[in-house]
Amino acid sequence: MAVHPDEPIGPLTRPGTRTFFGAPQVDLETAESLEADVGFLGIPTDQGVIIPFIRSGAYAGPRLVREARTRLRETRPDGTSAGWFDIETERQYLEGVRLADCGDVLIASGDVQLSWGRTTAAARRIAERGAMVVAVGGDHSISFPVGRGVAEVFGNVDVVHIDAHADFADSIYGSKFQHGSQLRRLFELPTTDRFTALGLRAVDRDQYDDMKRLGVVYASTATLLDEGPAAVVDRLVRPGRDLYVSIDIDVLDGGLVPGTTLPEPGGIGFRQLRELLVAIAAKGRIAGFDIVETSAAQADVHTSMTSAWLIVHFLTAILGRPSQGGGA
Ligand SMILES: [Mn+2]
């Protein structure tokens, strides 16, 4: 049906470049201050993936998550988020929260020290300006430089690692900065206190032995399913601490995230991961978190939507701010 020429037809266009959840863009280089509660940082790299054994493509993660559509997507004229309506609780969440898209780290392919230096500096800058760092990978190797930058501002933090894999190798084929050794590097930082890994199910024996020897606290996928996510968090994560949380989406059942780098069968469901994140958010102050391994290796909309929704649900658990019931 044709639109009547005199009828208002609403806005004609939208900006062409999408940001995370419609957040205003901030240039970390030039902005004097960061008036935000949350600073999103894209880290478009898969330089931590062993080639030729593992499929690459996680460089596209930030773009895929920006393009994913969730209910959290609008910014109000004053620059704050319009929030999202959750019919299950009949509440509007995250309304009025100040989100900022700080852009993507400039990755220097082939120069991992420079790339990680930039990543740490960007994360540190967001944290020291008072916003919570939300880093979107990229492969999982980003957790080391991001966690390092956050800890440089917060001081000692407890690290909670959610993943099907331990990523606790001292080195992989001689390299210390892979997406399977980054948690070992994070563990070694003097700023890292208690280190807890949740959801493990695909772990080599040598990494298991090292975790036991070095005092890593962990729960397997089976333990999460048997005890329940909230009970496991209650038992293993210390209360009242500053927490850095690293979320590899492959902790979910492989069928739920076919687009991740290494989908593993037998994982937890989306609701169980939500329950886990809610329990973690209630335990202490979240200094920052990353979500990684959203990949273009096998293009699908579902995986990136899953990553984007996990960010929304974790932010909701951390910042909450339910406003009045009823749809706004
Ligand atoms: Mn993993």
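For the structure itself, look to the data block above.
Within any chain, residue numbers begin from 1 and follow the written order of that chain's sequence. It should be noted that, the model being predicted, local features are given only for residues of pLDDT at least 70 and side-chain atom pairs only at 80 or more, the latter also being counted only at that level, while totals for whole chains, interfaces and linings use all residues.

S.K.: Just checking my understanding: could you explain the pairing of strand 7 (residues 192-200) for this structure?
M.R.: Here is the key point about a regular strand: its side chains alternate between the two faces of the sheet. Pairs of strands are assigned from DSSP output, requiring at least two bridges between the strands. A helix here means a DSSP run of H or I that spans at least four residues, while a strand means a run of E at least two residues long, and both kinds are numbered starting from the N terminus. Across five bridges, the pairing between strand 6 (residues 157-162) and strand 7 is parallel. Bridging across to strand 7, Val160 finds its partner in Thr196. Handedness of the β-α-β unit built from strand 6, helix 4 (residues 182-188) and strand 7 comes out right-handed. Note that strand 7 and strand 8 (residues 217-220) share four bridges and pair parallel. Across the sheet, residue Leu200 finds its bridge partner in strand 8, namely Ser220. Throughout, right-handed denotes a crossover for which the path from the first strand over the helix to the second runs clockwise when the strands point away from the viewer. Running through helix 5 (residues 205-214), the crossover from strand 7 to the neighbouring parallel element strand 8 is right-handed.

S.K.: In this structure, what is going on with the environment of Arg63? I would like to understand it.
M.R.: The residue Arg63 is located in helix 1 (residues 61-67) in this model. The spacing of Arg63 and Gly138 is 75 residues in sequence and 9.9 Å in space, taken between C-alpha atoms.

S.K.: Is there a simple way to explain the sheet that holds strand 9 (residues 242-248) in this structure?
M.R.: Strand pairing within a sheet occurs via backbone hydrogen bonds; the two strands may be parallel or antiparallel. Judged by pairing direction, the sheet is parallel, and its eight strands sit side by side in the order 4-1-5-10-9-6-7-8 without closing on themselves. The two strands at the open ends of the sheet, each matched to only one other strand, are strand 4 (99-104) and strand 8. The sheet shows a mean angle of 15° between the axes of neighbouring strands, direction not considered. The pairing of strand 1 (residues 38-43) with strand 5 (residues 132-137) spans six bridges and is classified as parallel. Following the sheet pairing, Gly39 is matched in strand 5 by Val133. Distance between backbone-placed C-beta atoms decides contact: two residues are in contact if it is within 7 Å. All axes here are fitted lines through C-alpha atoms, helices being fitted over the stretch that makes contact, and every angle between N-to-C directions spans 0 to 180 degrees. Against the sheet, helix 2 (residues 112-128) contacts strand 1, strand 4, strand 5 and strand 10 (285-292), and its axis sits at roughly 170° relative to strand 1.

S.K.: Would you mind showing me how to read the nonpolar core here?
M.R.: Within soluble globular proteins, side chains that are nonpolar tend to cluster in buried spots. Grouped together as the largest cluster of nonpolar side chains are 90 residues, with contacts concentrated most on Val38, Phe40, Leu41, Ala100 and Val133. Tallying contributions element by element places helix 9 (residues 301-319) first for this core, with seven residues. Residues contacting Leu41, with those up to four places away along its chain left out, are Cys102, Val105, Ala122, Ala123, Ile126, Val133 and Ala135. The term nonpolar core refers to a group of buried residues, namely Ala, Val, Leu, Ile, Met, Phe, Trp, Tyr and Cys, whose C-beta atoms join them within 7 Å. Residues are called buried when their C-beta atom has 20 or more other C-beta atoms within 10 Å, exposed when it has 12 or fewer, and partly exposed otherwise; all C-beta atoms are positioned from the backbone.

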